[in-house]
Amino acid sequence: MLVGDVRAIEAMNAGGGLAARVEEARARLDAQAREIVAWHFDPKTGCPFWLDYAKKQDWEPRTAIQGYADLRRFEPFEDEWLRGGPVRRWVPKAYAGRPVYVFETGGSTGVPKSRINIEDFRTDYELFSETLPDGAFPKGSDWLMLGPSGPRRLRLAVEHLCQHRGGICFCVDMDPRWVVKLIKSGRPELMHEYKDHVIHQGLTVLRAHENIRCLFTTPKLLEALCERISLVRAGITGVFCGGTQLTAQFHRFAREELLEGAIEFVPTYGNTLMGLACHKPFDPADHYSIIYHPPSPRAMLEVVDPKEPDRVVKYGELGRVRLTTLTREFFVPGFLERDEGIRRPPCEAYPWDGVGDVRPFSGFATPVIEGVY
Amino acid sequence: MLHIPILRHGRAYESVETFELVHHATGATVATVSQANSGLVARDIARMDDAILERFTVAELMDMCRKAAELFMTGALPLGDGRQTFDEYVTCLSATTGMPISYCRANAKKIQRVLSDIGAVIGGLTRGFDLSILDRGYGHHGGGWLSYHRVGRVFGAVLPSNSPGVHSLWAPAVALKVPVVLKPGREEPWTPYRIIESLAAAGVPREAFGFYPTDHAGAGEILRHCDRSMLFGGGPTVRPWLNDPRVEVHGPGYSKVLLGDDCVHDWRNYIDVMVGSIAANGGRSCINASAVWTPKHGRAIAEALADRLGAVRALPADDAEASIAAFGNVAAAEQISAVIDAGLREPGAIELTADGRGGPRLVREGRCAYLLPTIVWCEDWKHPLANHEFLFPYASVVECPTVEMADAIGPSLVVSAITRDKAFAASLMASAKVERLNVGAIPTYQISWDQPHEGNLFEHLYRQRAFQIEPAA
């Protein structure tokens, strides 16, 4: 158990300010669960998938779900439901006629999972924007987005984040599906050539545009970029990093060496289904463990026993990550992610559970190819 | 708790991420080992001073190696926050690898030998030219100019855990002025760390060493960023590097003992050579024989080998009589045994050690396992079990006419051909498949240190250039 964890648990048990804020956050989550279930299962506003689902049940979600804990009434959400069409079954009737985006996850083999979006990605990133320190991510400065694009949400989302903060976002394409294919087929040299191609474009943009202060990129691309350039000398003041697994040792390495101890480093965990989790503010007591807190009440992460997914593990224990998304655009109850992590207690900035040291779930028969970009 | 740090340009660095090295038999934690993230490895190699050893002559570096040889065997050398004596080193090495204590000591002597006889080793690799030529860059040799330049600016080694003897292969690079970057095998950080500390204590600048316990991705960074490197492994691990001339791949040896028509009638006289070739060092080296090829008497030879090796028992690593290593990873032992059993289900092969040992090949002792020596008689050299190498004393015995052997044996790291037949020896001499050739009753494990091993390290690190210089006025 981390020193920070012990402190947080003691604070909660002491019944002081943190305990009260945890209670308030829980109440907001319960209210959100009621409201979102009422919305998705209302024939006037809900989406065809959930309305059809309700018809096959012998219980009425709108009356049965009165709080977050009641969501266990739903059977585990199957990722197969998100593979293939018709994609319109996920569009709430209340949003008929609105422009709809579709974002995909994975997809290096087979049919990718897809999620419809209308405004959610903008909302998620606007909320996330409030957590960014203005000193390191100055309002009005420009950004470089050097990471997964194509069918993924990230490019549009980061661009919106930048615009929301008054900046203009330069983007470089990166196709992670191609990278996974190169690795699977044993062609690492081609993968490195592709990485160099991406980095070269990023360097060109950085050198040509002096107002770029903020960078989004992935761990591997950050390493590759820092092999070629000092980001401090290039004028970068804040780096927002995500898109794949980050380890505690990478976190330390990035802060101390790649970013020379002079650039703000904001690691994040996000995915198409959840949105964007915030990183607990850096605290040396956490020993570089990367702790994420979901964007409650719009989404919640739980760390559960893989063999008994309704049992949340104790603080400090490893388990599989289970996601619940609760927005008017998209409702996903109890989806078992492909990740595992350590359950972490609420903190001052985020008074609800967090997940630490997220990594690919080790219980799969075939290891997930991760950490490649 | 003992902690083994990363060495970054020779300086200890404790990672946030560590893994526990456990005792193969008790499961008790022996040490924690810092794990390097791959980006850190790449960053350090790029920043390494590749000329750090140029300030010394080869002769001076060889003197340091000789001093290091002594220190390796006797010194209390730095390890993490403390120091480790030789006996402590041997105890730790045996604990995490499962190798018998007696073999650990024998392997340590191999390393001492390479360092103390570094002159002969380097002389063998350079075929005797004046080594000051490497200091000046050029010099007179054999009536003309000779010039070399160093292409191995930083030398990387991705090392195995199977036997400490392999570390004798990279160590001479230091005497050739090349800084080294090492990724130790997971269970065997002890020996490379101790060699580094011996050399540093003997005067080699610490900045010439990188030591990175790391994962597959970190190993890839070493191979990609070092100008020259060596990689131990097989199958998918080495496949991407097979056609990269910068990387010297050390895969399975498939070493063999061959009997000629002229000697086969005396085969009983050579059983000791065959048994030693198969089982020395617990059968864990690439220079252990994994097959015996003979023109006749195959079944009788196989039975005699089975009779001798069937007596081997699974004994604790600290038993002076122990002659095979334990597998701390029981699943790996089970997998090996299952592969052999699957092969035996193919018609034409029979395990001859099965009856003599009076029990199964796989022996479970507490939390570890042993694989007892296994001799398989194959009726045809094309049988799937005829050309396999495993991490324990295993050998097939096959019959094949000697005129066909050179073509049929396939790639073989060491061939000991027991023959005085010049034509047979010549056929092997002409074969590109044979890396090391012993003609006569020489065990496969008997290494002559002035000979190259799977490629000449000097030629890997240096390139000869054409050179002329205008005479001084």
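This one's a predicted model, so the numbers in the text were calculated from it and none came from an experiment.

Peer 1: Help me out: how do you make sense of the overall build of chain A in this one?
Peer 2: Within chain A, the regular secondary structure consists of ten helices and 15 strands. Its C-alpha atoms give chain A principal-axis dimensions of about 60 × 50 × 45 Å. In chain A, buried positions account for 55% of the 373 residues. Here the analysis covers contacts within chain A between residues at least 6 apart in sequence; of these, 66% occur between residues at least 24 apart. Counting only carbon and sulfur atoms, one obtains 51% of the accessible surface of chain A, whose full area is about 15700 Å².

Peer 1: I keep staring at the interface of chain B and chain A and nothing clicks. Help me out?
Peer 2: It is common to report an interface's size as the accessible area lost on association of the parts. Taken together, the contacts link 18 residues of chain B with 18 residues of chain A. Buried area between chain B and chain A, both sides added, is near 1500 Å², and the carbon and sulfur share of it is 45%. Inspection of the region where chain B meets chain A yields three salt bridges. As a salt-bridge pair, Glu257(A) and Arg8(B) come within 2.6 Å of each other at their nearest N and O atoms. Inspection of the chain B/chain A interface yields 14 residue pairs in polar contact (both at pLDDT 80 or more). Counting residues per element, the side of chain B that touches chain A draws most heavily on helix 1 (residues 38-46) of chain B, at six residues. Of the residues assigned to the side of chain B that touches chain A, the class counts are seven nonpolar, five polar and six charged.

Peer 1: Whenever I open this one, the pairing of strand 9 (residues 144-150) of chain B confuses me. Can you help?
Peer 2: Within a regular beta strand, the side chains point alternately toward one face of the sheet and then the other, so they alternate between its two faces. Residues and elements named next belong to chain B. Here strand 8 (residues 138-141) pairs with strand 9 via four bridges, running antiparallel. Looking at strand 9, one finds that His 141 is bridged to Gly 144. Where strand 8 hands over to strand 9, the hairpin turn is made up of two residues, of which Gly 142 adopts a positive phi near 60 degrees. Here four bridges tie strand 9 to strand 24 (residues 462-465), and the two strands are oriented antiparallel to one another. Looking at strand 24, one finds that Ser 147 is bridged to Arg 465.

Peer 1: Even after reading the chapter, I still don't get empty space enclosed by the protein, so can you show me in this structure?
Peer 2: A water-sized probe rolled over the atoms picks out the places where empty space is left. All names here are of chain B. Taken as a whole and judged by the stated rule, the model has two cavities of 30 Å³ or more. Forming the walls of the largest cavity are Ile 278, Gly 283, Ser 285, Asn 288, Ala 289, Ser 290, Glu 389, Phe 390, Phe 392 and Tyr 394. Considered class by class, the residues forming the lining of the largest cavity number five nonpolar, four polar and one charged. Counted as a void, the second largest cavity has a volume near 30 Å³.

Peer 1: What should I look at first to understand the nonpolar core in this one?
Peer 2: Nonpolar side chains in soluble globular proteins generally cluster together in the buried interior. By size, the foremost hydrophobic cluster in this structure holds 121 residues, and its most contacted members are Trp50(A), Trp143(A), Leu222(A), Leu231(A), Val239(A) and Phe240(A). For this core, the element with the most residues is helix 8 (residues 188-208) of chain A, which contributes seven residues. Ignoring sequence-local partners within four residues, the contact set of Trp50(A) consists of His40(A), Phe41(A), Phe74(A), Phe77(A), Trp90(A), Phe331(A) and Pro333(A). Formed by 74 residues, the second largest nonpolar core is a distinct cluster that contains Ala68(B), Ala95(B), Ile196(B) and Ala208(B).

Peer 1: Looking at this model, I keep getting lost on the domain arrangement of chain B. Mind explaining?
Peer 2: Residue and element names in this part refer to chain B. Per the domain assignment, the segments of chain B are domain 1 (38-251 + 457-465) and domain 2 (255-439). The C-alpha-based centres of domain 1 and domain 2 are spaced at 30 Å. Each partner contributes residues to the interface: domain 1 has 14 residues there, and domain 2 has 15 residues. Here domain 1 meets domain 2 over a buried area of about 1000 Å², counting both sides, of which 48% is carbon and sulfur. In terms of surface lost to domain 2, no three residues of domain 1 exceed Pro 100, Tyr 103 and Asn 162, which account for 45% of the buried area on that side. Where domain 1 touches domain 2, the interface holds zero salt bridges. At the surface where domain 1 touches domain 2, the tally comes to six residue pairs in polar contact (both at pLDDT 80 or more). Looking at the side of domain 1 that touches domain 2, the elements that each hand over two or more residues are helix 3 (86-97) and helix 4 (101-116). The leading source of residues in the side of domain 1 that touches domain 2 is helix 4, at five residues.

Peer 1: Explanation requested: the sheet that holds strand 9 of chain B in the structure shown.
Peer 2: Adjacent strands of a sheet pair through backbone hydrogen bonds, lying either parallel or antiparallel. Residue and element names in this part refer to chain B. Taken together, the three strands give an open sheet; going across it, the order is 8-9-24, and neighbouring strands pair in antiparallel fashion. Either end of the sheet is taken by a strand with one partner, and the two such strands are strand 8 and strand 24. Going across the sheet, the axis of each strand differs from the next one's by a mean of 35 degrees, ignoring polarity.

Peer 1: What should I look at first to understand the pairing of strand 13 (residues 318-326) of chain A in this one?
Peer 2: Residues and elements named next belong to chain A. Most of strand 13 is tucked away: eight of the nine residues are buried. Across six bridges, strand 11 (residues 299-305) lies against strand 13 in antiparallel orientation. By the bridge assignment, Leu 301 is partnered in strand 13 with Leu 323. In this sheet, strand 14 (residues 331-344) lies alongside strand 13 in antiparallel orientation, the contact comprising seven bridges. Paired with Leu 318 across the bridge in strand 14 is Ile 342. Connecting strand 13 to the antiparallel partner strand 14 that follows it, the hairpin turn spans four residues.

Peer 1: Honestly, the pattern of salt bridges in this entry has me stumped. Any pointers?
Peer 2: Note on pairing: side chains with opposite charge can pair once their charged atoms come close. All names here are of chain B. With the rule as written, the count across this model stands at 45 salt bridges over all chains. One salt bridge in this structure joins Glu 54 and Lys 177, with 3.8 Å as the shortest N-O distance. Pair noted here: Glu 54 is in the loop between helix 1 and helix 2 (58-74) and Lys 177 is in the loop between helix 7 (172-175) and strand 11 (180-183), with a separation of 123 residues, a long-range link. The closest approach of N and O atoms between Arg 308 and Asp 272, which form a salt bridge, is 2.8 Å.

Rules used in this analysis
- Residues numbered from 1 in each chain as written.
- Chains lettered and ligands numbered in written order.
- Predicted model: local features only at pLDDT ≥ 70, side-chain atom pairs only at ≥ 80, totals over all residues.
- Heavy atoms only, no water.
- Helix = DSSP H or I, 4+ residues; strand = E, 2+ residues; numbered from the N terminus.
- Buried < 20%, exposed > 50% of the residue type's maximum accessible area, 1.4 Å probe, protein only.
- Contact = heavy atoms within 4.5 Å.
- Areas by Shrake-Rupley, 256 points an atom, 1.4 Å probe, with all protein chains shown as cover.
- Buried area = accessible area lost by both parts, 1.4 Å probe.
- Salt bridge = Lys/Arg side-chain N within 4 Å of Asp/Glu carboxyl O.
- Polar contact = N/O pair within 3.5 Å; in protein donor to acceptor, adjacent residues only side chain to side chain.
- Nonpolar A, V, L, I, M, F, W, Y, C, P; charged D, E, K, R; others polar.
- Pairing = 2+ DSSP bridges.
- 1 Å grid on protein atoms, 1.4 Å probe; cavity = no way out; pocket = protein on both sides within 12 Å on 5 of 7 lines; lining within 4 Å.
- Points joined across faces, edges and corners; volume = space filled by probe spheres on them.
- Core = buried A, V, L, I, M, F, W, Y, C linked by side-chain atoms within 4.5 Å.
- Domains from an automatic or database assignment.
- Axes fitted to C-alpha atoms, helices over the stretch in contact; angles between N-to-C directions.

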